[in-house]
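What the coordinates show
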Amino acid sequence: MTINSFSLVATNPCHREADILIWSIRRFYEEPIVVLCDSLTAEHLSSRGHQNIVLKIQANPEQMDRGAVRHLETFNKFHNKAAILKKMDVIKIAVDEYSNTMFFDADIVLTDEIHQDINKPNMFSPHYFHSTKEHQSWNYGAFNAGYVFVSDPKFYETWKKIYLLHSRFYEQEGM
């Protein structure tokens, strides 16, 4: 399959990570990169000379739906439950506009092309647990939500429902 777009969510202070991810994507691909971000991140990324990025400023603090995720357990200070919910939004935007997207968390760096391995409408990355810790997939999910290929326009709704209603560890355990 051909990847038609890339997508990610980035908020301050992850704007530098997003910048590195975008540079790594550009080493191999020219397709549009949809970035759902806050104003500070948009300003930073705009100043970096990136080509063909689509900035969607929808992640400023006042745009985060903290009420929708209030009931979800907080496991650490690193994960932002409201920002995680924005993953589903950027996937919807990218799939609606470009018919498919390869979503990445901002802390991913590409070291090679990936499109040759994409051969299904939706694809997830497995979690790679050491054999002595495979039981942790029951806690954290069998799949890693840090990179997901999506072409099904209904995926957004399904993943959002799983995250809000059926997942014990943020958005990925329910996958």
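Heads up: the structure comes first, above all this text.
Fair warning: this is a prediction, and the values are worked out from it, not measured in the lab. (Residues numbered from 1 in each chain as written. Predicted model: local features only at pLDDT ≥ 70, side-chain atom pairs only at ≥ 80, totals over all residues. Heavy atoms only, no water.)

This part is about the overall build of the protein. For the protein, the count of helices and strands is 6 helices and 6 strands. Mapped in sequence order, the helices and strands of the protein form the string β-α-β-α-β-α-α-β-β-α-β-α. The buried share of the protein, taken over its 175 residues, is 42%. (Helix = DSSP H or I, 4+ residues; strand = E, 2+ residues; numbered from the N terminus. Buried < 20%, exposed > 50% of the residue type's maximum accessible area, 1.4 Å probe, protein only.)

Let us look at the side chain of S24. Tracing the backbone through its elements, the reader meets S24 in helix α1 (residues 15-26). Owing to a relative accessible area of 4%, S24 belongs among the buried residues under this scheme. Within polar-contact distance, the side chain of S24 engages the backbone nitrogen of L110 at 3.0 Å. Contacts of S24, omitting those with residues within four sequence positions, involve I108, V109 and L110. (Polar contact = N/O pair within 3.5 Å; in protein donor to acceptor, adjacent residues only side chain to side chain. Contact = heavy atoms within 4.5 Å.)

One turn of the α-helix equals 3.6 residues, which is why residues spaced by three or four share an orientation. With 18 residues, helix α4 (residues 81-98) ought to run about 26 Å at 1.5 Å a step, and its terminal C-alpha atoms sit 27 Å apart, in line with that. Along α4, 13 of the 18 residues are buried, which leaves the element largely enclosed by surrounding structure. Where α4 terminates, the next one or two residues include S99, which has phi positive at roughly 75°. (Expected span 1.5 Å × (residues − 1).)

Let us now look at the pairing of strand β3 (residues 53-57). Pairing geometry for strand β2 (residues 33-37) and β3, over 5 bridges, is parallel. Paired with V34 across the bridge in β3 is V54. Taken together, β2, helix α2 (residues 39-46) and β3 constitute a β-α-β crossover, and its handedness is right-handed. (Pairing = 2+ DSSP bridges. Right-handed = clockwise from strand over helix to strand, strands pointing away.)

The linkage connecting N12 with the following residue, P13, adopts the cis geometry, with an omega of 20°. Mapped onto the elements of the fold, P13 is located in the loop between β1 (6-10) and α1. We note that N52 has phi near 55°; this positive angle belongs to a residue other than glycine. Among the secondary structure elements, N52 is positioned in the loop between α2 and β3.

In this section: the environment of A59. Within the element layout of this structure, A59 appears in the loop between β3 and α3 (66-69). In this structure A59 touches T11, L36, C37, D38, M64 and K86, once residues within four positions along its chain are discounted.

Helix α6 (residues 155-165) packs onto α4 with a crossing angle of 165° between their chain directions and a minimal axis gap of 8 Å. The orientation of α4 with respect to α6, classified from their angle, is roughly antiparallel. Crossing geometry of α4 relative to α6 is assigned as right-handed. Every residue of α6 that contacts α4 at K81, I84, L85, K87, M88, D89, I91 and K92 is listed here: F155, Y156, W159, K160, Y163 and L164. (Axes fitted to C-alpha atoms, helices over the stretch in contact; angles between N-to-C directions. Parallel < 35°, antiparallel > 145°, perpendicular 65-115°, else oblique. Left-handed = near helix turned anticlockwise from the far one by under 90°.)

With that settled, consider the environment of Y29. In this structure, Y29 sits in the loop between α1 and β2. We classify Y29 as buried; its relative accessible area is 7%. Counting along the chain gives 85 residues from Y29 to I114, while the straight-line C-alpha distance between them is 9.9 Å. If we skip the residues at most four places from it in the chain, Y29 touches I3, F6, L110, E113, I114 and H115. From its side chain, Y29 meets the backbone nitrogen of I114 in a polar contact 2.7 Å long.

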